[in-house]
Amino acid sequence: MSTTWIKNSLNTISVSTDGEKRKRSFNNIKSAVTDQEIVEFGKILSLLTGTSTDELKLTTINNIGA
């Protein structure tokens, strides 16, 4: 069986101080991204937006063939 990486995408949820939630999605995330890189990205996103990043969801799409 072979596995071929297709793509990664990242979905985030940020919450402002007044409780407003904002969803963002990022595509074309590199194939060999590490957990630490995703966490650091969340921290940078918080700094840039001035809101806390509460959720980070990485989705990986692979093609699995026999």
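The rules we used
Residues numbered from 1 in each chain as written. Predicted model: local features only at pLDDT ≥ 70, side-chain atom pairs only at ≥ 80, totals over all residues. Heavy atoms only, no water. Helix = DSSP H or I, 4+ residues; strand = E, 2+ residues; numbered from the N terminus. Rg over C-alpha atoms; globule rule 2.2 N^0.38 Å. Buried < 20%, exposed > 50% of the residue type's maximum accessible area, 1.4 Å probe, protein only. Contact = heavy atoms within 4.5 Å. Areas by Shrake-Rupley, 256 points an atom, 1.4 Å probe, with all protein chains shown as cover. Lys, Arg positive; Asp, Glu negative; His and termini not counted. Charge placed at Lys NZ, Arg CZ, Asp CG, Glu CD. Expected span 1.5 Å × (residues − 1). Arc of directions from axis to C-beta. Salt bridge = Lys/Arg side-chain N within 4 Å of Asp/Glu carboxyl O.

Visitor: Looking at this structure, how should I read the overall build of the protein?
Guide: Helix and strand content of the protein: one helix and three strands. Ordering the α and β elements of the protein from the N terminus gives β-β-α-β. For 66 residues, the compact-globule estimate of 2.2 N^0.38 gives 11 Å, and the protein exceeds it by more than 25% at 14 Å. Expressed as lengths along the three principal axes of its C-alpha atoms, the size of the protein is roughly 50 × 20 × 15 Å. Here the protein holds 66 residues, and 24% of them are scored as buried. When contacts within the protein are restricted to residue pairs at least 6 apart in sequence, those whose partners lie at least 24 apart make up 61%. Surface exposure of the protein reaches about 5000 Å², of which carbon and sulfur atoms provide 52%. The centroid of the 8 positive side-chain charges in the protein is displaced by 6 Å from the centroid of its 7 negative side-chain charges.

Visitor: Could you clarify how one ought to interpret helix α1 (residues 35-49) in this entry?
Guide: The α-helix winds at 3.6 residues per turn, so residues separated by three or four positions along the chain end up facing the same way. Taking 1.5 Å per residue, 15 residues should reach 21 Å; α1 reaches 21 Å between its end C-alpha atoms and fits that length. Every buried residue of α1 is listed here: Ile-38, Gly-42, Leu-45 and Ser-46. Down the axis of α1, the buried set is contained in an arc of 100°. They therefore lie on one face. Of the residues in α1, the exposed ones pointing more than 90 degrees away from the buried face are Leu-47 and Leu-48. Buried residues along α1 sit against β1 (2-15), β2 (21-27) and β3 (52-65). Gly-50 occupies a position one or two residues after α1 and carries a positive phi of about 75°.

Visitor: Teacher, can you tell me more about the pattern of salt bridges here?
Guide: Opposite charge on two side chains permits them to pair, given that their charged atoms come into close proximity. In total, this model carries three salt bridges according to the counting rule given. A salt bridge links Glu-37 to Lys-30, with the nearest nitrogen and oxygen atoms 3.0 Å apart.

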